[in-house]
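Survey of secondary and tertiary structure
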Amino acid sequence: MNQVPQTIVLLIRHAHTDAVGEWLAGRSDDAPLNQVGRAQAERLRTRLTAVDVAAIYSSPMQRAIETAGPLARERGLRVLPNLDLMEIDFGDWTGERLSTLDADPRWTRFNRLRSLAAIPNGERAIDVQARVVRALEEARIKHPNTTVAFVTHSDVIRLAILHVAGAPIDFIHRFDIAPASITAVALGESHATLLYVNDRPERTS
């Protein structure tokens, strides 16, 4: 029986930055990898040494490109920026500290009802999900029977998981996506399978 073609996509969150857990860096490039993040990116490379990765796509944000760098250099590949993997546009909230946002009822509603709540002058969750699903489908068509890596952002990965799992967008916080973690999905022409979520080369942040 002929094997059904499928593509494995590794959804990798960028490694640690000073912004993680502190403020919304969003689409500003003021949060490059810190010392912890650079070490995580190297451990990620080691973790995937035995994996034959055919292509590495990345959000164009500096923190994602830096995370993808060691993986690409080891394989002699170019990091391919992909706008569909870009961080959410947090609009007016970009740069805000999380401790400040916790007092904003709009932020509370946004985290409780992602399917309905809007970011002030920002991007809707459904639109973020649509673009990451488009990136997955393009990878499936372009790279059959191979493994590719997407280096992107936590909520972008969560929205991809929810699509594959057939779960509502409002379940977004039911998945933990740590810095430098790997989530894997298998994509076929008529199916998608969630293989694993939030695999970490190490257990410190």
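Scroll up for the structure.
Since this is a predicted model, take the numbers as computed values, not measurements.

Notes on the sheet that holds strand 1 (residues 6–13)
Strand order across the open sheet formed by six strands is 3-2-4-1-5-6, with mixed pairing between neighbours. Two strands close off the open sheet at either side, each with one partner strand: strand 3 (79–81) and strand 6 (192–199). Along the sheet, successive strands turn relative to each other by an average axial angle of 25°, direction set aside. With five bridges joining them, strand 5 (residues 182–188) and strand 6 adopt antiparallel strand pairing. Residue I182 lies in a different strand from strand 6, and its bridge partner there is D199. Its contacts with the sheet put helix 5 (residues 125–142) on strand 1, strand 2 (53–58), strand 4 (147–152) and strand 5, and the angle it makes with strand 1 is roughly 140°.

Observations regarding the nonpolar core
In terms of nonpolar packing, the biggest core is built from 34 residues, with V9, L11, W93, L136 and F150 touching the most fellow members. Counting residues per element, the ones that place at least two in this core are strand 1, strand 2, helix 4 (105–112), helix 5, strand 4, helix 6 (154–165) and strand 5. Top contributing element to this core by residue count: helix 6, with seven residues. Dropping the residues within four chain positions of it, L11 is found in contact with L136, F150, I157, A160, S181, I182, T183 and V185.

Brief notes about the pattern of salt bridges
Charged atoms that come close allow side chains of opposite charge to pair. Tallied over the entire structure, the rule returns 14 salt bridges. For E74, the salt bridge identified is with R75, shortest N-O distance 3.5 Å. Here E123 and R131 are joined by a salt bridge, their closest N and O atoms 2.9 Å apart. R131 carries the same exposure label as E123, and that label is buried. One connected set of salt bridges, linked through shared partners, spans E42, R45, E74 and R75.

Calculation criteria
Residues numbered from 1 in each chain as written. Predicted model: local features only at pLDDT ≥ 70, side-chain atom pairs only at ≥ 80, totals over all residues. Heavy atoms only, no water. Pairing = 2+ DSSP bridges. Helix = DSSP H or I, 4+ residues; strand = E, 2+ residues; numbered from the N terminus. Axes fitted to C-alpha atoms, helices over the stretch in contact; angles between N-to-C directions. Contact = heavy atoms within 4.5 Å. Core = buried A, V, L, I, M, F, W, Y, C linked by side-chain atoms within 4.5 Å. Buried < 20%, exposed > 50% of the residue type's maximum accessible area, 1.4 Å probe, protein only. Salt bridge = Lys/Arg side-chain N within 4 Å of Asp/Glu carboxyl O.

All quantities given are derived from atomic positions and should not be read as evidence of function.
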